[in-house]
Amino acid sequence: MPSPCVIFGGPSLEHDVSILTGLQAARVLSRSGTEPIVLYWSESNAWFRIPAGLEAPAFIPGVPAEARPVSLELNSSEPGFYELRSLGRRTRIDIQAAVICCHGGPGEDGRLQAALDLAGVAYTGPNSACAGLTMDKLAFGGVMAAAGLPALPRVACSNSSPEPSFAGPYIVKPRFGGSSIGIEIVSDIGTARNLAKSSPYLRRGAVLEPYRPGVEDLYIAIRTYPELELSLVERPRPSSGDTKIYGYQEKYLQQKQQGAESNVSEIPAQLPDEVAKRLRMTAEEVADLTRLTGNARLDFLWDGSELWVNELNPIPGALAFRLWSESGVGHEKLLADMLAEA
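Okay, so let's go over this structure.

Parameters and conventions
Residues numbered from 1 in each chain as written. Predicted model: local features only at pLDDT ≥ 70, side-chain atom pairs only at ≥ 80, totals over all residues. Heavy atoms only, no water. Helix = DSSP H or I, 4+ residues; strand = E, 2+ residues; numbered from the N terminus. Rg over C-alpha atoms; globule rule 2.2 N^0.38 Å. Buried < 20%, exposed > 50% of the residue type's maximum accessible area, 1.4 Å probe, protein only. Contact = heavy atoms within 4.5 Å. Areas by Shrake-Rupley, 256 points an atom, 1.4 Å probe, with all protein chains shown as cover. Lys, Arg positive; Asp, Glu negative; His and termini not counted. Charge placed at Lys NZ, Arg CZ, Asp CG, Glu CD. Pairing = 2+ DSSP bridges. Axes fitted to C-alpha atoms, helices over the stretch in contact; angles between N-to-C directions. Phe/Tyr/Trp six-rings, centres within 6.5 Å; stacked < 30°, edge-to-face > 60°. Lys NZ or Arg CZ within 6 Å of the ring centre and 35° of its normal.

### Here's the deal with the overall build of the chain
Scanning the chain from terminus to terminus reveals nine helices and 16 strands. Over its C-alpha atoms the chain spans a radius of gyration of 20 Å, differing by no more than 12% from the 20 Å that the globule rule assigns to 342 residues. Each of the three principal axes of the chain carries a C-alpha extent, and together these read 65 × 45 × 35 Å. In the chain, buried positions account for 52% of the 342 residues. Of the contacts made within the chain by residues no fewer than 6 positions apart, 64% connect residues no fewer than 24 positions apart. Here the chain has roughly 15100 Å² of accessible surface; of this, 50% comes from carbon and sulfur atoms. Here the chain contributes 31 positively and 40 negatively charged side chains, and the mean placements of these two sets differ by 4 Å.

### Some points on the sheet that holds strand 7 (residues 95-100)
In spatial order, the strands read 6-5-4-3-2-1-7; together these seven strands make up an open sheet with mixed pairing. Looking at which strands have only one partner, the edges of the open sheet turn out to be strand 6 (90-92) and strand 7. Recorded for the sheet is a direction-independent mean angle of 35° between the axes of neighbouring strands. Where strand 2 (residues 37-41) lies against strand 3 (residues 47-50), four bridges are found, and the strand directions are antiparallel. Each residue of the ladder has a partner; that of leucine 39, found in strand 3, is arginine 49. Contacts from helix 2 (residues 111-119) reach strand 1 (3-9), strand 2, strand 3, strand 4 (68-73), strand 5 (80-84) and strand 7 within the one sheet, and its direction differs from that of strand 7 by about 175°.

### A closer look at the packing of aromatic side chains
What the rule picks out here adds up to six aromatic pairs. Between phenylalanine 8 and tyrosine 40 the ring centres are 5.6 Å apart and the planes differ by 40°, which places this aromatic pair in the tilted class. With phenylalanine 8 in strand 1 and tyrosine 40 in strand 2, this pair connects stretches of sequence that are 32 residues apart. Relative to phenylalanine 59, the ring of phenylalanine 8 has its centre 5.8 Å away and its plane inclined at 70°; by these criteria the two rings are edge-to-face. Taken together, the residues span a long stretch of sequence, with phenylalanine 8 in strand 1 and phenylalanine 59 in the loop between strand 3 and strand 4 at a distance of 51 residues. Classification of phenylalanine 59 as buried rests on a relative accessible area of 8%. One aromatic cluster is present, formed by Phe8, Tyr40 and Phe59 through successive ring pairs. In this arrangement the basic side chain of arginine 90 is found over the ring face of tyrosine 82, its NZ or CZ atom lying 4.2 Å from the centre. The aromatic ring of phenylalanine 176 is capped on one face by arginine 204, whose charged end is 4.5 Å from the ring centroid.

Written out as structure tokens, the structure is:
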């Protein structure tokens, strides 16, 4: 009988966070009485099946000792995942649907989704078209602007790109990616272009947008099954240092280190009623425009009066479990609905 599956890892800068999300999802499914198939996608692009009960330290050396090799086959008469055994034998893995817990890179930008479509494997989250759009910051910003939704101007940044129509200082960020890795603040266009050429995080492309001091992040989670539903709004609290951007360290690592999630964010965010209403209406429009499916997190920027759409994260860290829990949707219910939609 087919079983639900959890897929995590992948050749991405967010590989380690993907491991944490995947193991957490596997534990939730196990607690609900369903023993999931757990597939680990290594940084070297190899596939493995691992026991559902493994913990994060097992991945410190790399591929866990308990891992068994797996192949994703698209050209056979029965495409799908196969567990590789001795003497060249292989066994097809019967998957009901896969919970994708990959952040960044090919696991979140549509490439894995396209491969699973070809393999006939159902999966949670966005399809390949939606994933490709939302993980391309330049394309996503263009769609928001074309639809008339509030968004800061965003342009390509390279030696051949034209001068931006807005003055510095600027934020330079990777064009493709789902977190705050690689974001920098620069004062002038020359520095921005040099950074786009030299930074390893910007090799696939960079985008430029105006830096607005005093702007805060606001987050809202969106799920699309059994019907469109929005979570409470989260207002993260930056650390007390001189960090100007609420970045990767704070988004994903600081909360783990501090252990008390209430210390690093305000849920629900205390916002003026008009701002909260505008944010929620915009979130519904973004979900419709992108043809979103699954469970995503939409990030806004807010300066106390103006509100701008920033990014749509189609596979959020920890699957936005905390936001949904605070909104009355338990972990087991969230995953069950995601699998039912898939």
